[in-house]
Amino acid sequence: MPDNAAPMNPKLSLLQPYPFERLRQLFAGVTPNPAFSPISLGIGEPRHAAPAFLKAALAGALDSGLSNYPATAGEPALRQACADWLQRRYRVLLDPNRQLLPVNGTREALFAVAQTVIDSARPGATVVFPNPFYQIYEGAALLAGAQPFYVASDPARRFATAWERVPAAVWARTQLLYACSPGNPTGAVMPLSEWADLFDLSDQHGFVIASDECYSEIYFGTDDAGAAPLGALQAAQQLGRSDFKNLLTFSSLSKRSNVPGLRSGFVAGDAALIQAFLLYRTYHGSAMSPVVQAASRAAWGDEAHVQDNRRLYREKFSQVTPLLAQVLDVALPDASFYLWAGVPALFAARWPGLSADEAFARDLLAQYNVTVLPGSYLAREVDGHNPGRGRVRMALVAHPAECLQAAGRIVRFCESAAPLN
Ligand SMILES: Cc1ncc(COP(=O)(O)O)c(C=O)c1O
């Protein structure tokens, strides 16, 4: 390194390319068939319309909302709206002044919580999370000076995370665990028994659980309380842990209300952790704009638009899943807006150097102009096994007609695919 080179955080070099960067490289040199219009099932970005009342709330706050620095803790009325939502949705009671904080989307908060929790001076600091996973967990662990420990999801159990395979020695040095329920990309929802096991482990080893619940409102049963995915706070309360010790949950408006550009969510749970997180966030400078706070308050207070949104996803999944199940190893997930599909085995030997999921994604783009994300990009190889290999993630975020069209093309693609030799 030349003497005058700028100093650089060496941990930055540990970060892996984001899945979409890898997809760009995979698709380099591929010319999509021009006979078909492009359809992307690749990016998990909601595309249903944002509700009009939310836009009006945003516009209505412009006059008053730009003239002051906001408090990091947010306005009491927003915290109250979030606590009221938690009470309606999960029947849990939290103190909005001690147990809840607004965040600028859960992505930044999932990252920042590792900065708040991890003590990298303790030997072997470890962060445990599912594999496949949302890539922020890994970057958060690495930049906080901890080692990630990847826990494979089990296809034989509807993609439940195989926490029981984590060695006792790893639990002993674990400081933080990310759970994701409903899961991205698997859609798996964690039942009460799984939460009970994790809470026991957290009690034994003293680690913090960060529960990422950003897909909690997208599920396929009818709109009664029984169909809605169990939340971690709800599980804790049902297990008699109403202080939510060592637990934080992360809830987002991005998917619930179709506003990924608003950057709004909240974190709730253990009061001592919330206090430490507030201190960290004050220095990090992550207060939410009052304009966004006003819109968020309105959004958390309304369920009608969430029900409409869910109806649209339900319709798409009920039409698309049976079609794709004719040619792929796929079933309706517990929740979320993803299908996590196994591709036909013949793709494994299709292109030298490409895994089956990569070959499938590449050929599908070339022949039918449909983009899907190779599952191996969402997971890491551990002991020679990448639990995403051979699967692709399809986000059913486009309008129903487009999703159906994509499914029809995938069926034709698979039916016409033959071993190359
Ligand atoms: C599993 C998971 N968690 C968190 C996020 C972040 O959501 P947001 O920052 O929009 O709240 C995403 C976004 O795609 C996600 O897939």
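Residues numbered from 1 in each chain as written. Predicted model: local features only at pLDDT ≥ 70, side-chain atom pairs only at ≥ 80, totals over all residues. Heavy atoms only, no water.

*Asks:* Help me understand the site of the ligand, please; the structure alone is not making it clear to me.
*Replies:* The full set close to the ligand counts 14 residues, and T106, D212, S252, S254 and R263 are the nearest of them. Between the ligand and S254 there is a distance of 2.5 Å, counted from an oxygen atom to a side-chain nitrogen or oxygen. Its free accessible area being 400 Å², the ligand has 92% of it covered by the protein chains. Among the elements that take part in the shell around the ligand, helix α5 (residues 106-117) stands out by supplying 3 residues, more than any other. Among the residues making up the shell around the ligand, the classes are represented as 5 nonpolar, 5 polar and 4 charged. (Near = heavy atom within 4 Å. Polar contact = N/O pair within 3.5 Å; in protein donor to acceptor, adjacent residues only side chain to side chain. Areas by Shrake-Rupley, 256 points an atom, 1.4 Å probe, with all protein chains shown as cover. Helix = DSSP H or I, 4+ residues; strand = E, 2+ residues; numbered from the N terminus. Nonpolar A, V, L, I, M, F, W, Y, C, P; charged D, E, K, R; others polar.)

*Asks:* Sorry, what's going on with the pairing of strand β4 (residues 147-154) here?
*Replies:* Across the 8 residues of β4, 6 count as buried, placing the element largely inside the fold. In this structure, strand β3 (residues 126-131) lies alongside β4, joined through 6 bridges in parallel fashion. By the bridge assignment, V128 is partnered in β4 with F149. Taken together, β3, helix α6 (residues 136-143) and β4 constitute a β-α-β crossover, and its handedness is right-handed. Inspection of the sheet shows β4 paired to strand β5 (residues 160-161) by 2 bridges, in the antiparallel sense. Along β5, the bridge assignment pairs D154 with A160. What sits between β4 and β5 in their antiparallel hairpin is a turn of 5 residues, with R158 showing a positive phi close to 50°. (Buried < 20%, exposed > 50% of the residue type's maximum accessible area, 1.4 Å probe, protein only. Pairing = 2+ DSSP bridges. Right-handed = clockwise from strand over helix to strand, strands pointing away.)

*Asks:* What exactly am I supposed to notice about the environment of A398 here?
*Replies:* Examined against the element boundaries, A398 turns out to sit in the loop between β13 (391-395) and α14 (400-416). Here A398 falls in the buried class, since its relative accessible area comes to 0%. Taking the C-alpha atoms as reference points, A398 and F347, 51 residues apart in sequence, are found 26 Å from one another. Setting aside anything within four residues of it in sequence, one finds A398 in contact with R47, H48, K316 and C403. (Contact = heavy atoms within 4.5 Å.)

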